[in-house]
Amino acid sequence: MTRALTKQERTAAAVRDATLDDLLTAAWPWDVDRVKDVVLAVARERGEVSANDIRGVLEERLHWLIGPAFNSLTHQRGPLQNTGRRVPSTSPATKGHGISVYRWAAAADEAA
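This is a predicted model, so every value here is computed, not measured. (Residues numbered from 1 in each chain as written. Predicted model: local features only at pLDDT ≥ 70, side-chain atom pairs only at ≥ 80, totals over all residues. Heavy atoms only, no water.)

**Points about the overall build of the protein**
Okay, so step 1: Counting its secondary structure elements, the protein contains five helices and three strands.
Okay, so step 2: Starting at the N terminus and ending at the C terminus, the protein contains elements arranged as α-α-β-α-α-β-β-α.
Okay, so step 3: Of the contacts made within the protein by residues no fewer than 6 positions apart, 57% connect residues no fewer than 24 positions apart.
Okay, so step 4: Counting only carbon and sulfur atoms, one obtains 55% of the accessible surface of the protein, whose full area is about 7,500 Å². (Helix = DSSP H or I, 4+ residues; strand = E, 2+ residues; numbered from the N terminus. Contact = heavy atoms within 4.5 Å. Areas by Shrake-Rupley, 256 points an atom, 1.4 Å probe, with all protein chains shown as cover.)

**Some words on the side chain of asparagine 52**
Okay, so step 1: Topologically, asparagine 52 is positioned in helix 3 (residues 51-55).
Okay, so step 2: Only 3.0 Å separates the side chain of asparagine 52 from the backbone oxygen of proline 88, close enough to count as a polar contact.
Okay, so step 3: Polar contacts involving the side chain of asparagine 52 include one to the main-chain amide nitrogen of threonine 90, which spans 2.9 Å. (Polar contact = N/O pair within 3.5 Å; in protein donor to acceptor, adjacent residues only side chain to side chain.)

**With respect to helix 2 (residues 29-46)**
Two residues of an α-helix separated by three or four positions point the same way, owing to the 3.6 residues in each turn.
Okay, so step 1: Taking 1.5 Å as the rise per residue, helix 2 with 18 residues should run 26 Å; its terminal C-alpha atoms sit 26 Å apart, in good agreement.
Okay, so step 2: Of all the residues in helix 2, the buried ones are Asp31, Val32, Val35, Val38, Val39, Leu40, Val42 and Ala43.
Okay, so step 3: Count one or two residues on from helix 2 and you reach glycine 47, which has phi positive near 90°. (Expected span 1.5 Å × (residues − 1). Buried < 20%, exposed > 50% of the residue type's maximum accessible area, 1.4 Å probe, protein only.)

**Re the environment of asparagine 71**
Okay, so step 1: If you trace the backbone, asparagine 71 turns up in helix 4 (residues 66-74).
Okay, so step 2: C-alpha separation for the pair asparagine 71 and asparagine 82, spaced eleven residues apart in sequence, amounts to 9.4 Å.

**Quick look at the packing of helix 2 against helix 4**
Okay, so step 1: It is at 9 Å that the axes of helix 2 and helix 4 come closest, and there the two elements cross at 65°. In terms of their interaxial angle, helix 2 and helix 4 are classed as roughly perpendicular. When the axes of helix 2 and helix 4 are compared, the crossing they make is right-handed. Only Ile66, Ala69, Phe70, Ser72 and Leu73 of helix 4 make contact with helix 2, whose side of the interface consists of Val35, Lys36, Val39 and Leu40.
Okay, so step 2: In the contact of helix 2 with helix 4, the residues fall into seven nonpolar, one polar and one charged. (Axes fitted to C-alpha atoms, helices over the stretch in contact; angles between N-to-C directions. Parallel < 35°, antiparallel > 145°, perpendicular 65-115°, else oblique. Left-handed = near helix turned anticlockwise from the far one by under 90°. Nonpolar A, V, L, I, M, F, W, Y, C, P; charged D, E, K, R; others polar.)

Here is the structure:
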């Protein structure tokens, strides 16, 4: 069972989400679509996915869009769900900080 977020955590999450949405808005639409397509393809194939999985199949110039793409795909009953699990990032820029693991949300629907 997950705990309820504090007011400060909810505020921080709202700011984070708005920032990620702004990044997506500023990017070329076809770049955003490319990253989202790759994320969804890997998620459908593997069932679960993290940014570690995407960096290996996406050209480096688009790596900055991976986080915003995950954020977009998990909101408003999107095709991905955050599992609540975190794994160490393999990106040298993150110095091994944890990144979220996502589940293909349609997997449960498809199994039914």
